[in-house]
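Spelled out, the chains give:
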Amino acid sequence: MLSVREFSNISMIKGPLVYVQGVTDASYNELVEIEMPNGERRRGLVIDSQMGIAIVQVFEGTTGVSPTGTKIRMLGRGLEVKISEEMLGRIFNPLGDSLDNGPPVIKGEKRDINGSPLNPAAREYPEEFIQTGISAIDGLNALLRGQKLPIFSGSGLPANMLAAQIAKQATVRGEESNFAVVFAAIGARYDDALFFRKFFEETGAINRVAMIVSLANEPPVMKTLTPKTALTLAEYLAFEQDMHVLAILIDMTNYCEALREISAAREEVPGRGGYPGYMYTDLATIYERAGKVIGKKGSITQMPILTMPNDDITHPIPDLTGYITEGQIVLDRALYNKGIYPPINVLMSLSRLAKDGIGEGKTRDDHKDVSNQLFASYARAVDTRGLAAIIGEDSLSEVDRKYLLFGELFERKFVSQGFNENRSIETTLDIGWEILSVLPESELTNIKTQYIQKYHPNYRGKK
Amino acid sequence: MDFEQLLDKSLNKVREEIKTELSKSLDEAIKLLNEGHNKIVQEYSQRINELIVKTKEEIEGEKARLEVENKRTLLVEKEYWINKVYERVLGKIGEVVKTKEYKDAIENIISKEIKEIREEKVTIYCSPNDKLMIEKIVGNNKNVTVKTDEKMLGGIKIYFERSGLTRDFSLKLILDQVFDSMRGKISDMLFGGK
């Protein structure tokens, strides 16, 4: 029997929360419908139940809700969203309502958006390379199928552009047709949401992208639901439809801010930076919804993007994110100010799993060695810049001057690329070789001789 | 004789030098020309490639946009016909309320819900057509009042005064929930598909 109960005793309204009196049988996370005297309906969730009072968090906000004449209907079920492959090419809000003037999902599976954790024993180790077409990622911090690799951005840095470019270009080589992108825009500004939509439409990527969007001016709970709905869809596409899904979550900072807002309204004891003490666990419940499962063909690769407040990598949001994810891609304001796009600071970035998905049989035999050499040489180039600033460039040795040149070329030719430039991994590695060739061969100590003879520009074409 | 020989020798030497210089300059000029030519060819082929990529992207974009538009139009059409089915089913509620199963179900609900209350005042809301039947089921229980709700098509709503709780057993609500879970199946019946 459908257990629908209706209440009309509202004892308090506080921020996004409504306190309903006389409810003794409310379940935690039960879905609620609020009917206002003018017939308008809103939805919410039971987030607390004590002493006959149920605390309901209203998705659409409590503006205009009056304690008299409002009916609170407990629907006897949790928040479920209808999920389907119909959602590819379309835009929805986190409650599953369409935002593109189209109809709601007709045929689909109703799923609890909170998902359930993957059995650790059922997980499969990520080993296949995803080509994003961006040299600084593919060449040095490769993304693998089933990995969770966040991008740490700063305010004003082009994280949106990078996210859109990755969503458009990312592909699993050889399995292009089975690749989908679930794009969660969390608390996005209207112009950002419009940018993503137009970009995907104009570049032809919209076909394989499903967008779940909550706007900046929407109540905090809508923002906290966005990644959950997106990942529920990603799980369905990956594990029921055998697709390889890239889930891009932008911007997780907005998610954490929303979490803090709700936590403050619930009068919880604040933790570091005012964020709730359970933020680590909460973030883990999102980030851990990625991976590969033994016996299933599909996979979920996660790329959460967050803005580091004040460019501070020790801020609780990037800090806690870094504990959970498998590395990070860091955007750098100094590179951005030099006019380099994408301004990826490769020395601060890391992909913990990259080593297992690159090299012979996966990308190209010289990938690991070239990657190591580029890292090592660029690190030395950066050190040399510091030295040159003190003693002057003229006082540097011949080799050190070559390192300075290498550093410049690395940023201008390897890291920097066009917004519409999609580089294959071969092109990326060839550019790597081209810039490494400015260094004396004796400096290429991280690369095996056989690869130098095979790929170094000095040897190419010679037998 | 010696002088002429010397003159010839030096002239030849100068000639040779000029010849070598000329050939060097020619080689250099050809090299420069080739380099310039290659550079221009490279630059233009790069531009042409960029243009090709851009145009391809535009075509792909237009294609994808049309495909998505097409998909949306089809879904809008499907939704229209599914809603038509809903309206027809809603119209059939009038037939459902005349059946014996409906009366038995209402009786079951009322006896179960009213058994749980003791001295609490309860109001049962129902459609005008069901009022007599429900009053008969309630009998002479003084705590229960039966009222009609013009908006109701069938079923009942039970309001418990003390707790402010209303239990909703209206047919419209049940239909909405059941129909929502059946949308996929109805779509398959109407338009085919697994």
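If you look chain B up in UniProt, it shows as A-type ATP synthase subunit E from Saccharolobus solfataricus. Comment text from UniProt for chain B, heading Function, reads "Component of the A-type ATP synthase that produces ATP from ADP in the presence of a proton gradient across the membrane." Quoted verbatim from the Sequence similarities heading of the UniProt record, the comment on chain B is "Belongs to the V-ATPase E subunit family."

Within UniProt, the label attached to chain A reads A-type ATP synthase subunit B, and the organism entered is Saccharolobus solfataricus. Of chain A, the UniProt comment under Subunit reads exactly: "Has multiple subunits with at least A(3), B(3), C, D, E, F, H, I and proteolipid K(x)." Check the Sequence similarities section of the UniProt entry for chain A; it says "Belongs to the ATPase alpha/beta chains family."

A. How the structure looks around the packing of helix H10 (residues 398-415) of chain A against helix H11 (residues 425-436) of chain A. All names here are of chain A. Interaxial distance between H10 and H11 falls to 9 Å at its minimum, and their mutual angle equals 160°. The orientation of H10 relative to H11 falls into the category roughly antiparallel. Note that H10 runs across H11; the crossing there is right-handed. Residues Phe406, Leu409, Phe410, Lys413 and Phe414 of H10 lie in contact with H11, whose contacting residues are Thr428, Ile431, Gly432, Glu434, Ile435 and Leu436. Across the contact of H10 with H11, the residue classes tally to seven nonpolar, two polar and two charged.

B. Up close: the packing of aromatic side chains. Residue and element names in this part refer to chain A. Counted by the stated rule, this structure contains 15 aromatic pairs over all chains. Where phenylalanine 183 meets phenylalanine 196, the ring centres are 4.5 Å apart and the plane angle is 55°; that geometry is what we call tilted. Of the two residues, phenylalanine 183 sits in strand S15 (residues 179-188) while phenylalanine 196 sits in helix H3 (residues 190-203), which places them 13 residues apart along the sequence. Accessibility classification places phenylalanine 183 together with phenylalanine 196 in one group, the buried group. Ring geometry for phenylalanine 183 versus phenylalanine 200: centroids 5.3 Å apart, planes at 75°, classification edge-to-face. Of the two residues, phenylalanine 183 sits in strand S15 while phenylalanine 200 sits in helix H3, which places them 17 residues apart along the sequence. When its relative accessible area of 0% is taken as the criterion, phenylalanine 183 is described as buried. Residue classification places phenylalanine 200 among the buried positions, given a relative accessible area of 0%. Three or more aromatic residues link up through ring pairs in this structure, and these residues are Phe183, Phe195, Phe196, Phe199, Phe200, Tyr341 and Phe419. The lysine or arginine in question, arginine 260, covers the ring of tyrosine 275, its NZ or CZ lying 4.3 Å from the ring centre.

Cut-offs and rules
- Residues numbered from 1 in each chain as written.
- Chains lettered and ligands numbered in written order.
- Predicted model: local features only at pLDDT ≥ 70, side-chain atom pairs only at ≥ 80, totals over all residues.
- Heavy atoms only, no water.
- UniProt positions renumbered as here; feature names shortened; annotations may be inferred.
- Axes fitted to C-alpha atoms, helices over the stretch in contact; angles between N-to-C directions.
- Helix = DSSP H or I, 4+ residues; strand = E, 2+ residues; numbered from the N terminus.
- Parallel < 35°, antiparallel > 145°, perpendicular 65-115°, else oblique.
- Left-handed = near helix turned anticlockwise from the far one by under 90°.
- Contact = heavy atoms within 4.5 Å.
- Nonpolar A, V, L, I, M, F, W, Y, C, P; charged D, E, K, R; others polar.
- Phe/Tyr/Trp six-rings, centres within 6.5 Å; stacked < 30°, edge-to-face > 60°.
- Buried < 20%, exposed > 50% of the residue type's maximum accessible area, 1.4 Å probe, protein only.
- Lys NZ or Arg CZ within 6 Å of the ring centre and 35° of its normal.

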